Amino acid sequence: MTSSIRVDIVSAEAELFHGDATMVITTGEMGELGITPQHAPLVTRMKPGHLEVVQSDGQRQQFYVSGGILEVQPQVVTILADTATRASDLDEVAAQKAKKEAEEALAKRCADVDVSQAQAKLVRALAQLQTLERIRRNLKH
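Parameters at a glance
- Residues numbered from 1 in each chain as written.
- Predicted model: local features only at pLDDT ≥ 70, side-chain atom pairs only at ≥ 80, totals over all residues.
- Heavy atoms only, no water.
- Salt bridge = Lys/Arg side-chain N within 4 Å of Asp/Glu carboxyl O.
- Buried < 20%, exposed > 50% of the residue type's maximum accessible area, 1.4 Å probe, protein only.
- Helix = DSSP H or I, 4+ residues; strand = E, 2+ residues; numbered from the N terminus.
- Polar contact = N/O pair within 3.5 Å; in protein donor to acceptor, adjacent residues only side chain to side chain.
- Contact = heavy atoms within 4.5 Å.
- Pairing = 2+ DSSP bridges.
- Phe/Tyr/Trp six-rings, centres within 6.5 Å; stacked < 30°, edge-to-face > 60°.
- Core = buried A, V, L, I, M, F, W, Y, C linked by side-chain atoms within 4.5 Å.
- Patch = residues over 30% accessible without salt bridge, like charges linked within 9 Å, V, L, I, M, F, W, Y side chains within 5 Å.
- Areas by Shrake-Rupley, 256 points an atom, 1.4 Å probe, with all protein chains shown as cover.

J.: Account for the pattern of salt bridges, with residues named and values stated.
T.: The final tally for this structure, using the stated rule, is 4 salt bridges. Of the charged contacts, one joins Asp-8 and Arg-6 as a salt bridge, the two residues approaching to 3.2 Å between their closest N and O atoms. Overall, the relative accessible area of 35% leaves Arg-6 in the partly exposed class. With a closest N to O distance of 2.2 Å, Arg-45 and Glu-29 form a salt bridge. You can see Arg-45 sitting in strand β4 (residues 42-46) and its partner Glu-29 sitting in the loop between β2 (15-28) and β3 (31-35), a full 16 residues away along the chain. With a relative accessible area of 34%, Glu-29 lands in the partly exposed category.

J.: Got a sec to walk through the side chain of Ser-11? Specific residues and values, please.
T.: Looking at where Ser-11 falls in the secondary structure, it is placed in strand β1 (residues 5-11). The exposure class assigned to Ser-11 is buried, which follows from its relative accessible area of 8%. A polar contact is formed between the side chain of Ser-11 and the side chain of Glu-13, at a distance of 3.0 Å. Not counting the four nearest positions on each side in its chain, Ser-11 is found in contact with Leu-16, Ala-81, Asp-82, Thr-83 and Ala-84.

J.: Break down unusual backbone geometry for me, with residues and values.
T.: The backbone of Gln-38 sits at a positive phi, close to 70°, despite the residue not being glycine. For Gln-38, the position within the fold is in the loop between β3 and β4.

J.: So what's going on with the pairing of strand β5 (residues 49-55)? Which residues, and what values?
T.: Of all 7 residues that make up β5, 7 are buried, and the element is covered over most of its length. As paired elements, β2 and β5 share 4 bridges and run antiparallel to each other. Within β5, the position partnered with Ala-21 by the bridge is Gln-55. Bridge count for β5 against strand β6 (residues 60-65) is 6 bridges, and the pairing is antiparallel.

J.: How would you sum up the packing of aromatic side chains? Please name residues and give values.
T.: Counted by the stated rule, this structure contains 1 aromatic pair. Note on Phe-17 and Phe-63: the rings are 6.2 Å apart at their centroids and 70° apart in plane angle, and the pair reads as edge-to-face. One end of the pair, Phe-17, is in strand β2; the other, Phe-63, is in strand β6, and 46 residues separate them in sequence. Assigned by exposure class, Phe-17 and Phe-63 land together as buried.

J.: How would you sum up the nonpolar core? Please name residues and give values.
T.: In terms of nonpolar packing, the biggest core is built from 19 residues, with Val-7, Ile-9, Val-77 and Ile-79 touching the most fellow members. For this core, the secondary-structure elements that each account for two or more residues are β1, β2, β5, β6, β7 (68-72) and β8 (76-81). The greatest single-element share of this core, amounting to 4 residues, is contributed by β2. Those residues within four positions of Val-77 in sequence are excluded, and the remaining contacts are Ile-5, Arg-6, Val-7, Asp-8, Val-24, Ile-35, Leu-70, Glu-71 and Val-72.

J.: Please give an account of a nonpolar patch on the surface that cites residues and values.
T.: A cluster of nonpolar side chains, contributed by Val-43, Ile-69 and Leu-80, occupies part of the molecular surface with about 260 Å² of accessible area. Here Leu-80 is to be found in strand β8. The exposure class of Leu-80 is partly exposed, given its relative accessible area of 46%.

Put into structure tokens, the structure is as follows:
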């Protein structure tokens, strides 16, 4: 039985990760997913949020993805992210500012506000903040 699976995380900007892992944790369209070696083949859309790769040596790599496609094959997990960044590179101040701007735009609801864009901006900002909070919780343990 295989004890690891190859993981590729790619965004439009760059390849963020390529290596072996024992588990991949992310949020799919229908909820949180844990992918391990020998997982059934799967293709699903990903929601904005946290992505974690548990490497074969036990190290955990954490990322934020704004959405994308997750493909699971018997030996390979491929994540094609709209945008992705290492969680350690997230800017909490910028995420808080984006959240505030989106909330204000939704509260005004004037004719020049695109509600769907404001909602999408709010979702991305909240997902970034939740990713940062998850990292803080993991550091405490």
